[in-house]
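Chain residues, written in single-letter form:
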Amino acid sequence: MSRDTDYIRRYRIKKDLKWTADTEYGTLDITVNLSKPEKDPKAIAAAKLAKQAGYPKCLLCRENEGYAGRINHPARQNHRIIPVTINNSSWFFQYSPYVYYNEHCIVFNSQHTPMKIERATFGKLLDFVAQFPHYFVGSNADLPIVGGSILSHDHFQGGHYEFAMAKAPVEKEISFAGFEDVTAGIVKWPMSVIRLDCADRQRLIDLADRILMAWRGYTDEAAFVFAETDGEPHNTITPIARKRGELFELDLVLRNNITTKEHPLGVYHPHAKLHHIKKENIGLIEVMGLAVLPARLKDEMAALRQALLEGADLRADEALAKHADWVEGFSSKYESITEENAGDIIRKEIGLVFSEVLEDAGVYKCTAEGRKAFLRFIQSVV
């Protein structure tokens, strides 16, 4: 119905660029989304703190249903939502107008209340997949930089799609004292993911809460993990829930939003050399292996292809100069760049950049040293 009423604009979504990229972590999904503006991480952080005024208070509030719009708020006359009860609380269900993947839905709190990752979050996520076992559902983290683009209204995102992270295997089995009935492991993924499986969702909630509480207060200076600096908390989790047959599964992605002079947008955020492709926050959807890249890349990719074929000087072109170091870095890998392969090469290399983006966002790196530090945290969970 959302498609037939043009709330989901098929004609616009058809123009989005989509392809896949094979990496050491599996096949990642890459999209250039033409209908969503590129957001500045600092503006997202400021929006959480801004005084809420007006009606509706934000783009997720239930009052958007049927709203006629105003100069700084889009019309939503064709928007419809469905009430759902999750974990004995009142929520609403809608489909996303941006459709990053199949049946991309948003589940949001009936109250305009800020994002918060807590014990009840795990209960809500697992209750949702108990009701909708063919959907996954996850939550963005609740801190700026590592959260999504709306921090001011508690919500989840779900859908009928299997992401690369869900397909990624467990690289090391682990166990937690007192939870021997829960299968646990570290996932082979560029971000730091603990996977938990159990038929009893209450046991998953208890263990996930214990891991969350341990992570919130965890500091390991040798691994550059600080629970807080100057009273500002840094550690949180991006959780994702799904059903696997009779089992409930939770993926807990460890996040940290510390900034430094060298990395003012975040140490565990895409670093500056990758901003020519991706500068925005790495939210839930990217964490799972689907890149949502800015619309500007559509024209830039076409111009880059032409420049590669002509051997043009990228540094002399204002729009393309930011890509020059990257292009110089990968050009020598290929024997020849031709009309036939230039587009494929650019798409492949953008996929590899996204793989690096996820590595930057990972707290514990996929190195012997990084894995040793990851295990130190796991051993601290009591």
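Rules used throughout
- Residues numbered from 1 in each chain as written.
- Predicted model: local features only at pLDDT ≥ 70, side-chain atom pairs only at ≥ 80, totals over all residues.
- Heavy atoms only, no water.
- Helix = DSSP H or I, 4+ residues; strand = E, 2+ residues; numbered from the N terminus.
- Expected span 1.5 Å × (residues − 1).
- Buried < 20%, exposed > 50% of the residue type's maximum accessible area, 1.4 Å probe, protein only.
- Contact = heavy atoms within 4.5 Å.
- Polar contact = N/O pair within 3.5 Å; in protein donor to acceptor, adjacent residues only side chain to side chain.
- Phe/Tyr/Trp six-rings, centres within 6.5 Å; stacked < 30°, edge-to-face > 60°.
- Salt bridge = Lys/Arg side-chain N within 4 Å of Asp/Glu carboxyl O.

**Quick look at helix α5 (residues 201-216)**
Part 1 of the argument: Compared with an ideal rise of 1.5 Å per residue, which puts 16 residues at 22 Å, α5 spans 22 Å between its outermost C-alpha atoms and is within 8% of the ideal.
Part 2 of the argument: If you check which residues of α5 are buried, you get L204, I205, L207, A208, D209, I211, L212 and W215.
Part 3 of the argument: Next to the buried residues of α5 lie α3 (119-131), β10 (193-198), β13 (235-244), β14 (247-256) and α10 (368-380).
Part 4 of the argument: Residue D200 occupies the N-cap position of α5, its side-chain oxygen lying 2.9 Å from the main-chain nitrogen of Q202.

**Examining the packing of aromatic side chains**
Part 1 of the argument: Under the criterion given, the structure shown has 22 aromatic pairs.
Part 2 of the argument: Each ring, one from Y101 and one from F136, has its centre 5.7 Å from the other, and the planes form 50 degrees; the classification is tilted. Residue Y101 is located in the loop between β4 (89-95) and β5 (105-109), and its partner F136 is located in strand β6 (residues 136-139); the two are separated by 35 residues in the primary sequence.
Part 3 of the argument: With relative accessibility at 5%, the residue Y101 sits in the buried group.
Part 4 of the argument: Taking 6.1 Å as the distance between ring centres and 65 degrees as the angle between the ring planes, the aromatic pair formed by W215 and Y364 counts as edge-to-face.

**Let's talk about the pattern of salt bridges**
Part 1 of the argument: One pass over the structure, following the stated rule, counts 25 salt bridges.
Part 2 of the argument: A salt bridge links R216 to D142, with the nearest nitrogen and oxygen atoms 2.9 Å apart. Residue R216 is found in helix α5, and its partner D142 is found in the loop between β6 and β7 (155-159); the two are separated by 74 residues along the sequence.
Part 3 of the argument: Take D142: its relative accessible area is 6%, and that puts it in the buried class.
Part 4 of the argument: A salt bridge links R347 to D344; the nearest nitrogen and oxygen atoms lie 2.6 Å apart. Of this pair, R347 and D344 both sit in helix α9 (residues 342-361), 3 residues apart, which is roughly one turn of that helix.
Part 5 of the argument: Judged by relative accessible area, which is 46%, D344 ranks as partly exposed.
Part 6 of the argument: One network of salt bridges, in which partners are shared, links E162, R195, R242, R244, E249 and D251.

Structural measurements only, silent on function.
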